[in-house]
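# Reading the structure
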Amino acid sequence: MKKMMVSLFWVSLISLAMAFDRAGFLNFKLNLTMLLVYYMGLKWPESKAVLWSAGVGFIEDSLSLRIIGPNMLSKCSVIFITSFFRSGIFNFTPLLNSLLSFAFTIVDGFIVYFSLSVFDTRPVDISTAIDSIMFQSLINGVLGYFVMREYDE
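Quick caveat: nothing in here was measured; it's all calculated off a predicted structure.

Our focus in this paragraph is the overall build of the chain. Each helix and strand counted, the chain has six helices and zero strands in total. Reading the chain from its N end, one meets helices and strands in the order α-α-α-α-α-α. Principal-axis analysis of the C-alpha atoms gives the chain an extent of 45 × 35 × 30 Å. Contacts in the chain between residues at least 24 apart in sequence constitute 68% of all its contacts with a sequence separation of at least 6. Carbon and sulfur atoms provide 71% of the accessible area of the chain, an area that totals close to 8700 Å².

Laid out in structure tokens, this is it:
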């Protein structure tokens, strides 16, 4: 029963983040699901985090009505990069969490943009994409400060 409640909590949290992402802020789309994927990569076992992030990416790809795969690829890539940092010698401080969520949002955005540019049509001009990705990265960088205050294994 507890696992079902935890799963329901995460599904509703991801759904809420996707709703905020779709609504946007100041004519920019948000990328709060990337922050949730980053949290999963830090706190969860790698296999569970990859499955959940692939599911998040699949839902985002399905909602965008474009080719299936760019969001799944970017979310799973971030999980693998996060596991590298988690298993390394890094001491997770709030500042490092902020910087990593900023950087991973940039990585996520560019993977999605270039995947769509190569395998589909270019979604927007590169300058518009950079503006949007930087805005998402700034928002996630600020929120990433609060993702994990202490890293406990």
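Bringing the side chain of asparagine 31 into the picture now. One can find asparagine 31 in the loop between α1 (2-23) and α2 (32-43). Discounting residues that sit within four places of it in the chain, asparagine 31 has contacts with Asp21, Lys75, Thr105, Asp108, Gln136 and Asn140.

Moving on: a nonpolar patch on the surface. A surface patch of nonpolar side chains, amounting to about 500 Å² of accessible area, comprises Met1, Met4, Met5 and Leu8. Mapped onto the elements, methionine 5 comes out in helix α1.

Quick look at the pattern of salt bridges now. Per the stated rule, a full pass over the model turns up two salt bridges. Glutamate 60 is paired through a salt bridge with lysine 75; the nearest N and O atoms lie 3.2 Å apart. Taken together, the residues glutamate 60 in helix α3 (residues 46-64) and lysine 75 in helix α4 (residues 70-87) connect sequence positions 15 residues apart. Each member of the pair, glutamate 60 together with lysine 75, is buried. Where aspartate 108 meets lysine 75, a salt bridge forms, and the shortest distance between an N and an O atom there is 3.1 Å. Residue aspartate 108 is found in helix α5 (residues 94-119), and its partner lysine 75 is found in helix α4; the two are separated by 33 residues along the sequence. Since its relative accessible area comes to 0%, lysine 75 is described here as buried. Salt bridges here are not isolated pairs; linked through shared partners, they connect Glu60, Lys75 and Asp108.

Moving on, we get to the nonpolar core. Within the largest apolar cluster, 27 residues are counted, with the highest numbers of intra-cluster contacts made by Ile14, Val37, Tyr38, Met40, Phe92, Leu100 and Phe104. Sorting elements by how many residues they give to this core places α2 first, with eight residues. When sequence neighbours within four positions are dropped, the list of residues in contact with leucine 100 reads Tyr38, Phe85 and Phe92.

With that settled, consider the environment of alanine 103. For alanine 103, the location among the structural elements is in helix α5. Spatially, the C-alpha atoms of alanine 103 and lysine 3 are 32 Å apart, while their sequence positions differ by 100 residues.

Secondary-structure assignment places leucine 116 in helix α5. Remark: the alpha-carbon pair of leucine 116 and leucine 73, spanning 43 residues in sequence, is separated by 11 Å. Each residue touching leucine 116, except ones within four places of it in the same chain, is listed here: Arg66, Ile67, Pro70, Thr121, Arg122 and Pro123.

Parameters at a glance
Residues numbered from 1 in each chain as written. Predicted model: local features only at pLDDT ≥ 70, side-chain atom pairs only at ≥ 80, totals over all residues. Heavy atoms only, no water. Helix = DSSP H or I, 4+ residues; strand = E, 2+ residues; numbered from the N terminus. Contact = heavy atoms within 4.5 Å. Areas by Shrake-Rupley, 256 points an atom, 1.4 Å probe, with all protein chains shown as cover. Patch = residues over 30% accessible without salt bridge, like charges linked within 9 Å, V, L, I, M, F, W, Y side chains within 5 Å. Salt bridge = Lys/Arg side-chain N within 4 Å of Asp/Glu carboxyl O. Buried < 20%, exposed > 50% of the residue type's maximum accessible area, 1.4 Å probe, protein only. Core = buried A, V, L, I, M, F, W, Y, C linked by side-chain atoms within 4.5 Å.

Treat this as a map of the structure, not an account of what it does.
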